[in-house]
Amino acid sequence: MKILLLGKDGQVGWELQRSLAPLGELVALDRNAIDGLCGDLSDLDALRATISQVKPDIIVNAGAYTAVDKAESETELADCVNHQASQVMAEEAASLSAWLVHYSTDYVFSGQGSTPWRESDAVAPVNYYGTSKLAGERAITASGCKHLIFRTSWVYGARGNNFAKTMLRLAKDRETLSVIADQVGAPTGADLIADVTALAIQQVLQRPELSGLYHLASSGEVSWHGYASHVIGFAQANGEQLAVTAINPIETAAYPTPARRPLNSRLNTQKLRDNFSLHLPDWQSGVTRMLREVLNK
Ligand code: NDP
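Being a predicted model, the structure only gives us computed values, none of them experimental.

**Student:** Quick question: what am I supposed to make of the environment of Asp57 here?
**Tutor:** With respect to the secondary-structure elements, Asp57 resides in the loop between helix H2 (44–54) and strand S5 (58–61). Under the relative-accessibility criterion, Asp57 is labelled partly exposed at 37%. The sequence separation of Asp57 and Ala164 amounts to 107 residues, and the corresponding C-alpha distance is 36 Å. Ignoring anything within four residues of it in the chain, the contact list for Asp57 reads Met1, Lys2, Ala98 and Trp99. Reaching out from Asp57, the side chain makes a polar contact with the backbone nitrogen of Lys2 at a distance of 2.6 Å.

**Student:** What is the right way to look at the state of the cysteines in this model?
**Tutor:** One way to say it: the disulfide is the covalent bond shared by the sulfur atoms of two cysteines. Scanning the model with the defined rule gives zero disulfides in all. A disulfide-free cysteine, Cys80 has its sulfur positioned 11 Å from the sulfur of Cys38, the nearest such atom. You can see Cys145 has no disulfide; the closest cysteine sulfur is in Cys80, sitting 18 Å from it.

**Student:** Before we go on, may I ask you to explain the sheet that holds strand S2 (residues 25–29) in this structure?
**Tutor:** Across the sheet, six strands lie side by side as S2-S1-S5-S6-S7-S12; this open sheet has parallel pairing. Strands with a single pairing partner mark the edges of an open sheet, and in this sheet they are S2 and strand S12 (212–215). Between one strand and the next, the sheet's axes are offset by a mean angle of 20°, whatever the strand orientation. Relative to S2, strand S1 (residues 2–6) runs parallel, the two sharing five bridges. Pairing of Ile3 across the sheet is with Leu26, part of S2. Across the sheet, helix H3 (residues 75–96) touches S1, S5 and strand S6 (99–105), and the angle it forms with S6 is around 155°.

**Student:** What exactly am I supposed to notice about the pattern of salt bridges here?
**Tutor:** Side chains bearing opposite charge may pair, as long as their charged atoms lie close to each other. Scanning all chains against the criterion turns up eleven salt bridges. Its salt-bridge partner being Arg151, residue Glu137 comes within 2.7 Å of it at the nearest N-O pair. On the criterion of sequence distance, the pair formed by Glu137 in helix H4 (residues 128–143) and Arg151 in strand S7 (residues 146–152) is long-range, its members being 14 residues apart. Look at Arg151 and you get buried, because its relative accessible area is 2%. The salt bridge partner of Glu209 is Arg207, with a shortest N-O separation of 3.5 Å.

**Student:** What am I meant to see in the site of the ligand here?
**Tutor:** Taken together, 23 residues sit near the ligand, with Arg31, Leu41, Thr66, Tyr129 and Lys133 positioned nearest. In this structure, an oxygen atom belonging to the ligand sits 2.9 Å away from a side-chain N or O atom of Gln11. Within the backbone of Ala64, one N or O atom sits 3.1 Å away from an oxygen atom of the ligand. Starting from 900 Å² of accessible surface for the ligand in isolation, the protein chains cover 79%. Elements that contribute at least two residues to the shell around the ligand include exactly helix H1 (11–19), S6 and H4.

**Student:** How should H3 be read in this particular structure?
**Tutor:** Within an α-helix, residues lying three or four positions from one another point in the same direction, as the helix has 3.6 residues per turn. If you check H3, its first and last C-alpha atoms are 30 Å apart, about what 22 residues at 1.5 Å a residue would give, namely 32 Å. Of all the bends in H3, the greatest measures close to 35° and is centred on Val81. One or two positions beyond H3, positive phi appears at Ser97, with a value near 55°.

**Student:** Which parts of the structure should I look at to understand unusual backbone geometry?
**Tutor:** Across residues other than glycine, the phi torsion is negative in most instances, and most of the peptide bonds are trans. Of note, the phi angle at Asp35 is positive, near 50°, even though the residue is not glycine. With respect to the helices, strands and loops of the structure, Asp35 is situated in the loop between strand S3 (33–34) and strand S4 (37–38). Positive phi, close to 55°, is recorded for Ser97, a residue that is not glycine. Inspection of the secondary structure puts Ser97 in the loop between H3 and S6.

How each quantity is defined
- Residues numbered from 1 in each chain as written.
- Predicted model: local features only at pLDDT ≥ 70, side-chain atom pairs only at ≥ 80, totals over all residues.
- Heavy atoms only, no water.
- Helix = DSSP H or I, 4+ residues; strand = E, 2+ residues; numbered from the N terminus.
- Buried < 20%, exposed > 50% of the residue type's maximum accessible area, 1.4 Å probe, protein only.
- Contact = heavy atoms within 4.5 Å.
- Polar contact = N/O pair within 3.5 Å; in protein donor to acceptor, adjacent residues only side chain to side chain.
- Disulfide = S-S within 2.5 Å.
- Pairing = 2+ DSSP bridges.
- Axes fitted to C-alpha atoms, helices over the stretch in contact; angles between N-to-C directions.
- Salt bridge = Lys/Arg side-chain N within 4 Å of Asp/Glu carboxyl O.
- Near = heavy atom within 4 Å.
- Areas by Shrake-Rupley, 256 points an atom, 1.4 Å probe, with all protein chains shown as cover.
- Expected span 1.5 Å × (residues − 1).
- Bend = angle between axes of the 7 residues up to and from the residue.

Shown next as structure tokens:
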């Protein structure tokens, strides 16, 4: 079996390089050309030619334009990478009878209310990133290719930058931090997403009727403020020298950004857990593991 992984060096892409490796021959690309193959999701002709040349049984797309605020002004590029490139992958997957595995976001929802979103709930993105990701989902569904789309939220990885590392860095120098307390979701590890992806791929190859859209996030919920408090509490309890003495909760309205953020990022993951007989651990266990890794504890 041949797997083409796009966006190999992002948070999720990096972990997929590990989790997909035992499933088959892995061709992993980033935006740079290598051996005549091109994984640049803004070069649609080259992307199409690359897929035709590799002829994968499974395309896994971890590449995305994820700069939420910048997407408000770089709409053409965000649409190309998040929507049009997904459409090219879906068309090529359909013509090869290949599977397409793709990731999307809770930002397709309005963020209203406090009920965890189900796959069947009405979508209404409040920013351009969410709009472009939704267009990508729709292109995949409309293509008729066999697919798994995982909507996830608040992704972190031990590698690269993430919210927890930013909080730790700020807490070293500042006595007071102000963190948003009215956006609620579930921090979800890139490692968990990658492991669930590999397990789900194994199952859909035997049961193609499981093709579809799934919500994939850690269990439980927390605000950014609660998340920051957990991270800093762990670091202090484990001997890190931090200057911070107060973590103040603030409202989203007090922290204006170019892109609006949904307040309710909760995802209902029952469909994924039931269809694939999977357990999704609580967010604290994954975050604690990541902290132990980055703090070397
Ligand atoms: P990252 O931003 O860590 O990774 C995205 C990857 O896409 C990067 O390696 C980036 O490369 C690559 N990329 C961007 N533009 C292009 C391009 N033109 N051609 C090729 N590659 C490109 O994102 P995550 O791993 O966190 O996200 C994985 C998926 O999960 C995405 O679909 C995202 O929309 C979704 N998601 C992410 C959330 C999050 O909190 N991060 C929340 C919800 C969903 P480079 O570094 O060179 O730009």
